[in-house]
Amino acid sequence: EVQNPVRTRKRWISFLQPMGKVFVDPGAAVALKMKKSLLPAGVKSIEGSFERMWAVEIEDTAGKHIGLGLPNYSSVELKMIAGLTTAQILEIPAFNPSDSGACIERVNILLHQAQPTEPSSPMKRPTSPV
């Protein structure tokens, strides 16, 4: 049986211990849920200390967990470029952006899957304490 390399990679990501957090703006959160890469412009802040390709949690600015990812930048580099456009990043002396310009490539993002809730039955009514 041939395994899907992206699925295998994402399964591997699910077992990694996050070393930091990347907080994203609402637009980036929507883009991530549409399976897009995370661009520096969508990053609001960084928490923790991590190197390139170390697992990080991705959260929105309210602290809601979006997923896990392997960033193309260390925490130090990411703090330098958070919120900047690609054009602005290219103006930073001696800064070497990733080939794609993404902070985290979509193939390196494992989105959080919301747990389904049990549907409420119209026949069951909550009982009130007596």
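Residues numbered from 1 in each chain as written. Predicted model: local features only at pLDDT ≥ 70, side-chain atom pairs only at ≥ 80, totals over all residues. Heavy atoms only, no water.

1. Let's talk about the sheet that holds strand 5 (residues 109-111)
The strand order across the open sheet formed by five strands is 2-1-3-4-5, and the pairing between neighbours is mixed. In this open sheet, the two strands that pair with only one neighbour each are strand 2 (43-48) and strand 5. For this sheet the average axis-to-axis angle between neighbouring strands, irrespective of direction, equals 25 degrees. Two elements, strand 4 (residues 65-69) and strand 5, share three bridges in a ladder whose sense is antiparallel. Looking at the pairing, L68 lines up with L110 of strand 5. Seen against the sheet, helix 2 (residues 26-33) touches strand 1 (20-24), strand 3 (56-60), strand 4 and strand 5 and runs at an angle of roughly 105 degrees to strand 1. (Pairing = 2+ DSSP bridges. Helix = DSSP H or I, 4+ residues; strand = E, 2+ residues; numbered from the N terminus. Axes fitted to C-alpha atoms, helices over the stretch in contact; angles between N-to-C directions. Contact = heavy atoms within 4.5 Å.)

2. Some words on the environment of M19
Along the chain, the position of M19 falls in the loop between helix 1 (5-14) and strand 1. For M19, a relative accessible area of 41% puts it in the partly exposed group. Leave out the neighbours within four places in its chain, and M19 touches G48, S49, F50, W54 and A55. (Buried < 20%, exposed > 50% of the residue type's maximum accessible area, 1.4 Å probe, protein only.)

3. Observations regarding the confidence of the model for the protein
When pLDDT is averaged across the protein, the result is 87; 86% of the residues are at 70 or more. Note that residues 116-128 has pLDDT below 50 and, in this model, one contact with residues that lie over four places away or in other chains. (pLDDT = per-residue confidence, 0-100.)

4. Examining the pairing of strand 1
With four of five residues buried, strand 1 lies mostly within the body of the structure. Alignment of strand 1 against strand 2, held across five bridges, turns out to be antiparallel. Note that in strand 2 the partner of K21 across the bridge is E47.

5. Some remarks on the side chain of N72
Mapped onto the elements of the fold, N72 is located in the loop between strand 4 and helix 3 (75-81). At 2.9 Å, the side chain of N72 forms a polar contact with the backbone oxygen of A102. At a separation of 3.2 Å, a polar atom in the side chain of N72 contacts the side chain of E105. Apart from the residues lying within four places of it in its own chain, the contact partners of N72 are R52, M53, S98, S100, A102, C103 and E105. (Polar contact = N/O pair within 3.5 Å; in protein donor to acceptor, adjacent residues only side chain to side chain.)

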